[in-house]
Amino acid sequence: MRCPVCAAIDDKVVDSRLSDDGRVTRRRRQCLACAHRFTTFERLDTQPVVVVKRSGEIVPFDTVKVAAGIHAATKGRPIDDADIDHLVETLEEQARSCPTGITTEQLGLGVLEWLAERDPVAYLRFASVYKGFDDPDDFQREARLFKTGSPSDHSDAET
Ligand SMILES: [Zn+2]
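Residues numbered from 1 in each chain as written. Predicted model: local features only at pLDDT ≥ 70, side-chain atom pairs only at ≥ 80, totals over all residues. Heavy atoms only, no water.

## Observations concerning helix α2 (residues 81-97)
- Here α2 is 17 residues long and its end C-alpha atoms lie 24 Å apart, about the 24 Å a rise of 1.5 Å per residue gives.
- If you check which residues of α2 are buried, you get I84, L87, V88, L91, E92 and A95. Buried positions in α2, seen along its axis, are confined to an arc of 135° and lie on one side of it. When the buried face of α2 is taken as reference, the exposed residues oriented beyond 90 degrees from it are A82, H86 and S97.
- As for α2, its buried residues are in contact with β4 (50-52), α1 (63-73), β6 (102-103) and α3 (104-116). (Helix = DSSP H or I, 4+ residues; strand = E, 2+ residues; numbered from the N terminus. Expected span 1.5 Å × (residues − 1). Buried < 20%, exposed > 50% of the residue type's maximum accessible area, 1.4 Å probe, protein only. Arc of directions from axis to C-beta. Contact = heavy atoms within 4.5 Å.)

See below:
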């Protein structure tokens with residue numbers, strides 16, 4: 001870290017402590033050239049992954065909701081859960097790499113493209129509800145429509 005006084009870049013850490021909530025490491029450094037002491041803060045580099053709704057509202061990318069919609073569309077179809085998990089990870093990465101977030105439309109299309117290559121039935125199920133998507137909640141809401149279980153079957157536990 002460049003010394004703010006003499007601009008030398010060699011320093012040693014003379015003290016290091018964690019903030020109370022454990023999210024920040026505070027380091028007290030001493031310049032090896034001029035002995036000036038200064039402080040640096042280290043934080044985890046995280047950016048929330050977001051989805052942009054058609055209304056422009058920005059909401060967090062919820063992997064559970066997205067996965068629920070895909071699971072519902074592929075229920076009883078020969079598609080591995082692990083493959084779905086991988087798709088959700090891929091979509092999340094896509095959203096993460098886009099500084100303005102992924103739109104619900106892009107998200108839905110991403111799922112459709114993926115299903116198109118794998119299973120026509122699941123594709124049609126998903127396509128039939130995709131047009132109305134405006135919110136990640138829709139993945140979950142529509143997911144219930146696919147479920148053919150008894151009315152009391154609201155459990156998402158599909159192991
Ligand atoms: Zn210095």
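Next comes the rest of the account.
## Quick look at the sheet that holds β4
- Strands sit in the order β5-β4-β6 across an open sheet of three strands; the sheet is mixed. Of all the strands in the sheet, the pair left with one neighbour each is β5 (58-60) and β6.
- Sheet topology note: the β4/β5 ladder contains three bridges and is antiparallel. Paired with V52 across the bridge in β5 is I58. (Pairing = 2+ DSSP bridges.)

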